[in-house]
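Residue-level listing of the chains:
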Amino acid sequence: VPYGYEENEKEKVRQAIRIVEEHGGDKFLLFVHTKRTGDMLATALKERGIQSEYHNADLTKDKRVAIEKRFREDPKMRCLVATSTVAAGINVPARRVVVLGVTRGLSEVETQDIIQECGRAGRPQYDPQGDAYILLPSKTFEKQKARLQNQTPIRSQMGEGKCLAFHLTSEVHHRNIQSQVDVHDWYERSLAHHQSKELDDSVVEEVVRGLTRCGAMTEEDGAYDVTSVGTVASMFYFSPYDVADLARNWKLRPVVLRGSPLAAAAGVC
C-alpha cells in the first residue's frame, strides 16, 4: 500500500472493493477504523451498484438494529461497512470479512480487536466456514504480520477480586446464584474453570463479605440476595463498589461556608 495518508486510505478502499468483486455471491462485513474511510468505502460501493449500509456510532440504536436486520434478511444487501460497533456480540451472515488497516490515526488497533473483527466471518448459524482479509501497509508488513500472529493468550479474570464481585452480584440479581454451592456450580461452567483456575471457598467468602459491607448484597443463613445498589450495578453493568460509593456520596449533605463567595451567591449571611 503506498504512503501518504489520503492515498493510503483510497488504496485500502480499492483493495477492499477488489476483494468484494472477486466473490460476487458472498456477503461481506468490511471494518474501517475511521469514519472518513467508512464514508469513502460506502460511496465507492454505491458507485459500483453494490448494495450496502454503513453501520456506525453516529446512528441511533433503532437505525443500527434495522441495518443489522436488513443485512440478515435481504439477500441483495451484500456488504455491511462498519466501525467497531459490530466487532463483538453481534452475529451477522458475513461469509467474508475485510479489515481495512490496523491503525486508527497514529495508534495501532489492539491485536485482540482485529481478531474480534476477523471472528465475525463464517458464524456457525449462517455459514460452514469464513475467510478474513487484513489489509496491511507494505512498509511495515512483516512487523504487523508478526504481531497479529503472536497473540497474547486470553486468560479469564473471572476468579479474581473485582471481576468476581461484579459477576457474582449480577448472577445473584438474576437469581442464578443464591448460595455458595450455586457459586461453584456456576463457576464450573466458566472459561476460568476450564483454564484450570480453581475457586476456593475462602475467595468466595471474602468477596461476599466485601459486597455485604459495601451494601450491594445481603447474606442471611447462607442465602444471598442483592440490594438496590447491587441491582443498579447489575442492570447498568457497573462495579458494585462504584455504585455503593455513589449511593453513599449522594446521601451526604452539602456544606456552605459562611463568608465565602459560594455563601454570598447562595444568600447565606
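This text goes with the structure placed above it.
Cut-offs used in this document
- Residues numbered from 1 in each chain as written.
- Predicted model: local features only at pLDDT ≥ 70, side-chain atom pairs only at ≥ 80, totals over all residues.
- Heavy atoms only, no water.
- Core = buried A, V, L, I, M, F, W, Y, C linked by side-chain atoms within 4.5 Å.
- Buried < 20%, exposed > 50% of the residue type's maximum accessible area, 1.4 Å probe, protein only.
- Helix = DSSP H or I, 4+ residues; strand = E, 2+ residues; numbered from the N terminus.
- Pairing = 2+ DSSP bridges.
- Axes fitted to C-alpha atoms, helices over the stretch in contact; angles between N-to-C directions.
- Contact = heavy atoms within 4.5 Å.
- Expected span 1.5 Å × (residues − 1).
- Phe/Tyr/Trp six-rings, centres within 6.5 Å; stacked < 30°, edge-to-face > 60°.

Caption draft 1: Focus on the nonpolar core. Leu-168, Val-183 and Tyr-224 are the most contacted members of the largest nonpolar core, which totals 24 residues. Looking at this core, the element that brings in the most residues is helix 9 (residues 201-214), giving five residues.

Caption draft 2: Fine view of the sheet that holds strand 1 (residues 28-31). Strand order in this open sheet of five strands is 2-3-1-4-7, and the pairing throughout is parallel. This sheet does not close on itself; its edge strands, each paired only once, are strand 2 (52-55) and strand 7 (131-134). When the angles between neighbouring strand axes are averaged without regard to direction, this sheet yields 15 degrees. Of the strand pairs in this sheet, strand 2 and strand 3 (residues 79-82) are connected by four bridges, and their pairing is parallel. By the bridge assignment for strand 3, Tyr-54 is matched with Val-81. With respect to the sheet, helix 1 (residues 5-22) is in contact with strand 1, strand 3, strand 4 (96-99) and strand 7, its orientation differing from that of strand 1 by roughly 170 degrees. In the packing of helix 4 (residues 111-118) onto the sheet, contacts are made with strand 1, strand 4 and strand 7, and the angle to strand 4 comes to roughly 150 degrees.

Caption draft 3: Region of the structure containing unusual backbone geometry. Unusually for a residue other than glycine, Arg-175 sits at a positive phi of about 65 degrees. Counting through the fold element by element, Arg-175 comes out in the loop between helix 6 (161-173) and helix 7 (180-187). Despite not being glycine, Asp-221 shows a phi value in the positive range, around 55 degrees. Structurally, Asp-221 can be placed in the loop between strand 8 (217-220) and strand 9 (223-226).

Caption draft 4: Molecular detail of helix 2 (residues 35-47). For helix 2, spanning 13 residues, the distance from its first C-alpha to its last is 18 Å, which sits close to the expected 18 Å at 1.5 Å a residue. If you check which residues of helix 2 are buried, you get Thr-37, Gly-38, Met-40, Leu-41, Ala-42, Ala-44 and Leu-45. Looking at the packing, one finds that the buried side of helix 2 touches helix 1, strand 1, strand 2 and strand 3. Phi turns positive, to about 75 degrees, at Gly-49, one or two residues after helix 2.

Caption draft 5: Structural view of the packing of aromatic side chains. All chains considered together, the criterion is met by three aromatic pairs. Plain terms: the ring middles of Phe-166 and Tyr-237 are 4.6 Å apart, the flat faces sit at 65 degrees to each other, and that makes the pair edge-to-face. Of this pair, Phe-166 sits in helix 6 while Tyr-237 sits in the loop between helix 10 (228-236) and helix 11 (240-250); the two residues are 71 residues apart in sequence, bridging distant segments of the chain.

Function-wise, these values are silent; they only describe arrangement.
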